[in-house]
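# Coordinate inspection notes
The primary structure of each chain is shown beneath.
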Amino acid sequence: MRTTRTARTAAALVAVIALAVGCSGSGGKESEDKPDASGGGGGQGVNTPRLKIAMVTHSGEGDTFWDIVQSGAKQAAAKDNVQFLYSNDKEAKGQAELVQAAIDKKVDGIVVTLAKPQAMQAVLGKAKEAGIPVVSINSGSEFSAKFGALSHIGQEESVAGEAVGTELADQGKKKVLCVIHEQGNVSLEQRCDGVRKTFKGTVENLNVDGTNAPGSQSSIEAKLQADKSIDGIVALGAPIAALAVKAKDDAGSKAEIATFDLNAEVVRRLKAKEVAFAVDQQPYLQGYLAVDELWLYKTNANVLGGGKPVLTGPALVTEKDVPQLEKYTARGTR
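The following paragraphs examine the structure supplied in this document.

The rules behind each value
Residues numbered from 1 in each chain as written. Predicted model: local features only at pLDDT ≥ 70, side-chain atom pairs only at ≥ 80, totals over all residues. Heavy atoms only, no water. Helix = DSSP H or I, 4+ residues; strand = E, 2+ residues; numbered from the N terminus. Areas by Shrake-Rupley, 256 points an atom, 1.4 Å probe, with all protein chains shown as cover. Polar contact = N/O pair within 3.5 Å; in protein donor to acceptor, adjacent residues only side chain to side chain. Contact = heavy atoms within 4.5 Å. Core = buried A, V, L, I, M, F, W, Y, C linked by side-chain atoms within 4.5 Å. Buried < 20%, exposed > 50% of the residue type's maximum accessible area, 1.4 Å probe, protein only. Phe/Tyr/Trp six-rings, centres within 6.5 Å; stacked < 30°, edge-to-face > 60°. Lys NZ or Arg CZ within 6 Å of the ring centre and 35° of its normal. 1 Å grid on protein atoms, 1.4 Å probe; cavity = no way out; pocket = protein on both sides within 12 Å on 5 of 7 lines; lining within 4 Å. Points joined across faces, edges and corners; volume = space filled by probe spheres on them. Nonpolar A, V, L, I, M, F, W, Y, C, P; charged D, E, K, R; others polar. Pairing = 2+ DSSP bridges. Right-handed = clockwise from strand over helix to strand, strands pointing away.

### Regarding the overall build of the protein chain
Looking only at helices and strands, one finds twelve helices and 14 strands in the protein chain. For the protein chain, the exposed surface amounts to about 14,100 Å²; the carbon and sulfur share of it is 49%.

### Some details on the side chain of Thr-48
By the secondary structure assignment, Thr-48 is in the loop between strand 2 (31-32) and strand 3 (51-57). Among the polar contacts listed, one links the side chain of Thr-48 to the side chain of Trp-295, at a separation of 2.9 Å. Every residue in contact with Thr-48, bar those within four places of it in the chain, is listed here: Asp-80, Asn-81, Trp-295 and Thr-299.

### Here's the deal with the nonpolar core
Among the nonpolar cores identified, the biggest contains 29 residues, and Met-55, Phe-84, Val-111, Ile-137, Ile-153 and Val-291 are the most heavily contacted of them. If you list the elements that add at least two residues to this core, you get strand 3, helix 2 (65-80), strand 4 (82-88), strand 6 (134-137) and helix 11 (283-300). Excluding anything up to four places from it in sequence, Val-111 contacts Ile-53, Ala-54, Met-55, Val-56, Val-135, Ile-137, Ala-290 and Leu-294. The next biggest cluster of nonpolar side chains, apart from the first, holds 28 residues, and it includes Leu-177, Ile-233, Ala-235 and Ala-247.

### Some words on the packing of aromatic side chains
According to the stated counting rule, one finds three aromatic pairs in the structure shown. Arranged with centres 5.0 Å apart and planes meeting at 75°, the rings of Phe-65 and Trp-66 form a pair that is edge-to-face. By relative accessible area, which is 2% here, Trp-66 ends up buried. Relative to Phe-147, the ring of Phe-143 has its centre 5.7 Å away and its plane inclined at 35°; by these criteria the two rings are tilted. Side by side, Phe-143 and Phe-147 carry an identical accessibility label, which is buried. Here the guanidinium or amino end of Lys-79 rests over the ring plane of Trp-295, the centre of that ring lying 5.0 Å away.

### Things to note about empty space enclosed by the protein
For the second largest cavity, the calculated volume is near 30 Å³. Every residue lining the second largest cavity is listed: Ala-238, Ala-241, Ala-242, Asn-263, Glu-265, Val-266 and Arg-269. Elements represented by at least two residues in the lining of the second largest cavity include exactly helix 9 (238-251) and helix 10 (264-271). Residues belonging to the lining of the second largest cavity are distributed by class as follows: four nonpolar, one polar and two charged.

### Quick word on the pairing of strand 12 (residues 277-280)
Covered by surrounding structure in strand 12 are Phe-277 and Val-279 together with Ala-278 and Asp-280, the residues of both alternating faces. Of the pairings in the sheet, the one linking strand 11 (residues 256-260) to strand 12 comprises three bridges and is parallel in character. Looking at the pairing, Ala-258 lines up with Phe-277 of strand 12. Considered for its hand, the β-α-β crossover made up of strand 11, helix 10 and strand 12 is right-handed. The pairing of strand 12 with strand 14 (residues 315-317) spans three bridges and is antiparallel. In the strand pairing of strand 14, Ala-278 is matched with Val-317.

Take a look at the structure:
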């Protein structure tokens, strides 16, 4: 597993949190969850006052990435004596309404994504007025401080894209298709822009509806059939990688597939050499650190990052990393 210098920041922060703390399912419906074995283990919980923390994301239906984020958040919540509430809406307006609902419930903290940032600015201002601390994760790092969040936890999307572009260039690829599965998501656009910055050939964006799997697969297949010069495909999420593999086979294309994000299926496809490499931004860590930071802030006035984003990636994962990762992806923590 190859990491950038900035990605290694996260490992150090985990160690710091471990010292500070001591011993201490699929997105869509709001839920309160009890700890289970899939959370990766853990010791006894803390004896600090019970807190209520809401997480509101832009996840669309069927996006397994957010299952892993929730897995980390639930484990931290179990340790920190936190009632964890999750909700999501792929539409920006709906996501903002869910944040307002969390404010109305007088939660003790809010974790939020900023994929479509302008729609979130006003409601996050209301959270600040209500005295509710906010941590942003995953997307929109450049808007986090501006919108009043304590910190942002995730990867620098442009840097991650640049790493992919460099790797594809080193492999001698000439024309790459970058598949954007959610139009208007600033993070996805930044990834493709990053690929374009360092790739020596041509990069073409293809917009698909990631919540419509058959339609997305058909769009990728049609593009590959129409342009036989495409020798690389960049999927921006694990579910799209699976669709790209099928589309490539049906189109009779020889394009090599790279993807952002891990899950058990991506690891299987890495092992089968159907996917060349994946960019791991450690979603479990994003969920875990976000809940843990809000607990630390409420109980000890701690803030992570010192005004800078707390980086959880990127790292490039290949078939060589499969033996180490299989057991973790199987339980839903990587």
